[in-house]
Amino acid sequence: MSEEKSLNFIEEIIENDLNSGKYSSIVTRFPPEPNGYLHIGHASSICLNFGLTKKYPGYTNLRFDDTNPTTEETEYVESIKEDIRWMGFEWKHELYASDYFQQLYDFAVLLIKKGLAYVDDSTSEAIAAMKGTPTEPGKDSPFRNRSVEENLDLFQRMKNGEFPDGSRTLRAKIDMAHINMLMRDPILYRIKHAHHHRTGDAWCIYPMYDFAHGQSDSIENITHSICTLEFVPHRELYDWLIAQLEIYPSHQYEFARRNINYTVTSKRKLLQLVNEGHVTGWDDPRMPTISGLRRRGFTPESIRDFCDRIGVAKRENMVDVGLLEFCVREHLNKVAQRRMVVFDPLKVVITNYTAAEELLPTENNPEDPNGGTRMVPFSAEIYIEQDDFMENPPKKYFRLAPGQMVRLKSAYIIRCEEVVKDADGKLIELRCTYIPESKSGSDTSGINVKGTLHWVSAKHAVSAEVRLYDRLFRVEDPTDEEGDFKEYLNPESLQVVNRVYAEPDLLNADLNSRYQFLRKGYFCLDKDSTTEHLVFNRTVTLKDAWAKEVKKA
RNA sequence: UGACCCAUGGUGUAACGGUAGCACUACAGAUUUUGGUUCUGUCUGUUAAGGUUCGAAUCCUUAUGGGUCAACCA
């Protein structure tokens, strides 16, 4: 216990509550609305809420905030559950705000009986007009002073389906001049003759967020109800309802949502990208959704690490996506199997290599002592990257050039003897010689070369498709720019390389495999892959010091 | 022209009246059969002005800047 990690402000509150004896254990909840897929911003909330009850005694519920039947679907429920589990967390109870519809209705009746709620026949527009503005008070609704009996009767008839959608609402009776707009007789219930994904057609009135969330927290005895900053003004109403209803006092705490640059994390905007075909779906590997990141090859460990590093606070923020990339590189470096794949082939003929072929051992992961080795076929005709040869190289170029030597990873040192071109002067192949004594593991040549290249034996190579991803947007904050955010999509966010040349071991890849294609980046198999047609996604590139050097020049 | 929330390097986050630290980024170097990894070093910060105090990033005041609030969404 010598080195204490500093606490975030929510952990401080919890430790105080635990130390003061206010609670002996805590209960948190993760409350998604099932109207979209979870994204990286939710990951922060998931790590926070579930992480808290891993650290302190207590548990976390999963509660779907399903009070709006017109936007919610079972498909989303399933994806949310899958994503949370994939992130490595398990909830204590799987709950739904809709489980409490009867209880919530009873709460509303109680409020009416206490003279604290009334049925309003005003139209949506009229209510908005009477609401006032942040600087001017609102006006009382003409229906505000109905008798308890009339309200009770009307509310029951609302429930019974006697009135059409939008014709009436149930409102709390607080104060139309309140400085907090949310306290100006907020709507508690509205009529929606809509089919609910769980309760079916049992109800035609549905509670609003403010009349469902806090009450659900209370019913579940949530001790620390954590949400984002935009709900700060709701807290006053949250507390008011709990006080008037005299139910278990849950407490709401707010933290700043995490924003990440070069992407958007708004379900509405993400839905647009999906619906308008800018991406292939919620799990498009370019999407900041958890399912997209998963398909892209991110690991739960790396996402949890990221959430841990960006922390929890109350100030506005814009996290650099570079940190997310750092986290996934750090994890993948430790666990990814190394393989060799040539993207843009240049044929190399080794003129003095007389054997038909041989199998060369190579380590699966130099970072993992228990990673083992595999055999890679070598022969007189191999492919290297076009990039790894230059006829007229600059000073610090360590790769192949006429007369220069380079090591082939896990194989031999070769020297470029001859450059073969076609009639148009286009580079066709390189003719090289190899140094037999330079074989990896038993090198007696005494030759030291600066560069080591990845390669693949031409006749053993298997072909594959590779999908290279870049940031979805060209600008850091698409939401902050002029015009529609979609104008700032990065047209080069996806680059497909139809045919790359891979070492044959890659035929064994499965969806759980994580690879580092040497000197290329981290890759994983895509779900579109078949035995006949391998497809790999690039999760993230490797850091590239040479690219930087080239840029400088 | 109201209320509320917030303000620490380029980014994120610590320091709870007593030496402004950590991570990412950037840069420089060492190592390296991945121009990867690893290691070492360097740069850059308390929004401003007053006040309280022996001492202020921290407490107070004012200003400035940013965010939120006027959906029958959550």
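Residues numbered from 1 in each chain as written. Chains lettered and ligands numbered in written order. Predicted model: local features only at pLDDT ≥ 70, side-chain atom pairs only at ≥ 80, totals over all residues. Heavy atoms only, no water.

S.K.: Please provide a residue-by-residue account of the domain arrangement of chain A, values included.
M.R.: For chain A, the domain assignment lists domain 1 (9-255), domain 2 (267-337 + 464-552) and domain 3 (346-454). With 25 residues of domain 1 at the interface, the matching set in domain 2 holds 22 residues. Across the domain 1 to domain 2 interface the summed buried area is about 2,100 Å²; carbon plus sulfur atoms make up 71%. Contact with domain 2 buries surface across domain 1, with Y37, I40 and W86 losing the most and accounting together for 34% of the total. Among the salt bridges present, the one from R294 reaches E82, with a minimum N-O distance of 3.7 Å. Put simply, domain 1 and domain 2 have 6 residue pairs in polar contact (both at pLDDT 80 or more) between them. (Domains from an automatic or database assignment. Contact = heavy atoms within 4.5 Å. Buried area = accessible area lost by both parts, 1.4 Å probe. Salt bridge = Lys/Arg side-chain N within 4 Å of Asp/Glu carboxyl O. Polar contact = N/O pair within 3.5 Å; in protein donor to acceptor, adjacent residues only side chain to side chain.)

S.K.: Account for helix α1 (residues 9-19), naming residues and giving values.
M.R.: All of the buried residues along α1 are I10, E11, I14 and D17. Buried residues in α1, looked at end-on, bunch into an arc of 125°, giving them a common side. In α1, the exposed positions that point more than 90 degrees away from the buried face belong to N16 and N19. On the buried face of α1, the contacting elements are β1 (26-30), α2 (40-55), β8 (224-228) and β9 (251-255). (Buried < 20%, exposed > 50% of the residue type's maximum accessible area, 1.4 Å probe, protein only. Helix = DSSP H or I, 4+ residues; strand = E, 2+ residues; numbered from the N terminus. Arc of directions from axis to C-beta.)

S.K.: Give a description of unusual backbone geometry that names residues and reports values.
M.R.: With a phi close to 45°, D185 is a non-glycine residue in the positive phi region. Tracing the chain through its elements places D185 in the loop between β5 (169-172) and β6 (187-191). The class for D185 is buried, based on a relative accessible area of 0%. Even without glycine at this site, E246 takes up a positive phi of about 55°. Following the sequence through the fold, E246 ends up in the loop between α8 (234-245) and β9.

S.K.: Explain the pairing of β9 to me, and be specific about the residues and the numbers.
M.R.: Most of β9 sits out of view: 4 of its 5 residues are buried. For β8 and β9, the ladder comprises 5 bridges, and the chain directions are parallel. Note that in β9 the partner of C227 across the bridge is E254. Where the polypeptide runs from β8 across α8 and back to β9, its parallel neighbour, the crossover connection is right-handed. (Pairing = 2+ DSSP bridges. Right-handed = clockwise from strand over helix to strand, strands pointing away.)

S.K.: Could you give an account of the packing of aromatic side chains, with specific residues and numbers?
M.R.: Two descriptors summarise a pair of aromatic rings, namely the distance from one centre to the other and the angle between the planes of the rings. Within the structure shown, the criterion is met by 26 aromatic pairs. For the ring pair F378 and Y412, a centre distance of 5.4 Å and an interplane angle of 50° mean the geometry is tilted. Of this pair, F378 sits in strand β14 (residues 373-378) while Y412 is found in the loop between β16 (405-408) and β17 (413-421), placing the two residues 34 residues apart along the sequence. As far as the burial class goes, F378 and Y412 line up, both buried. Members of the aromatic cluster, each reached through a chain of ring pairs, are F101, Y105, F155, Y189, W203, Y206 and F211. The side chain of R471 reaches across the aromatic face of Y262, ending 4.2 Å from its centre. Between the NZ or CZ atom of K520 and the centre of the ring of F343, over which it lies, the distance is 4.6 Å. (Phe/Tyr/Trp six-rings, centres within 6.5 Å; stacked < 30°, edge-to-face > 60°. Lys NZ or Arg CZ within 6 Å of the ring centre and 35° of its normal.)

S.K.: Can you tell me about the nonpolar core, naming the residues and giving the values?
M.R.: Counting residues in hydrophobic clusters, the biggest one holds 36 residues, and the most contacted among them are F155, L170, Y189 and F211. Broken down by secondary-structure element, the contributors of at least two residues to this core are α4 (101-113), β4 (117-120), α6 (148-159), β5, β6, β7 (205-207), α7 (209-219) and α8. Sort the elements by how many residues they give to this core and α4 lands first, with 8 residues. Counting residues in hydrophobic clusters, the runner-up holds 35 residues, among them F50, F64, C307 and V328. (Core = buried A, V, L, I, M, F, W, Y, C linked by side-chain atoms within 4.5 Å.)

S.K.: Run through the protein's contact with RNA strand B, naming residues and quoting values.
M.R.: Among the 65 residues in the neighbourhood of RNA strand B, the closest are listed as E12, R338, R399, S440 and Q516. Sugar and phosphate atoms constitute 60% of the interface atoms of RNA strand B, taking the interface as everything within 4 Å of the protein. For RNA strand B, a base oxygen lies 3.0 Å from a polar atom in the side chain of R407. Among the elements of the structure, β6, α11 (300-310), α12 (321-335) and α13 (545-552) are those that each provide at least two residues to the surface near RNA strand B. Looking at the surface near RNA strand B, the element that brings in the most residues is α13, giving 4 residues. Along the lines of polarity and charge, the residues of the surface near RNA strand B split into 22 nonpolar, 19 polar and 24 charged. (Near = heavy atom within 4 Å. Nonpolar A, V, L, I, M, F, W, Y, C, P; charged D, E, K, R; others polar.)

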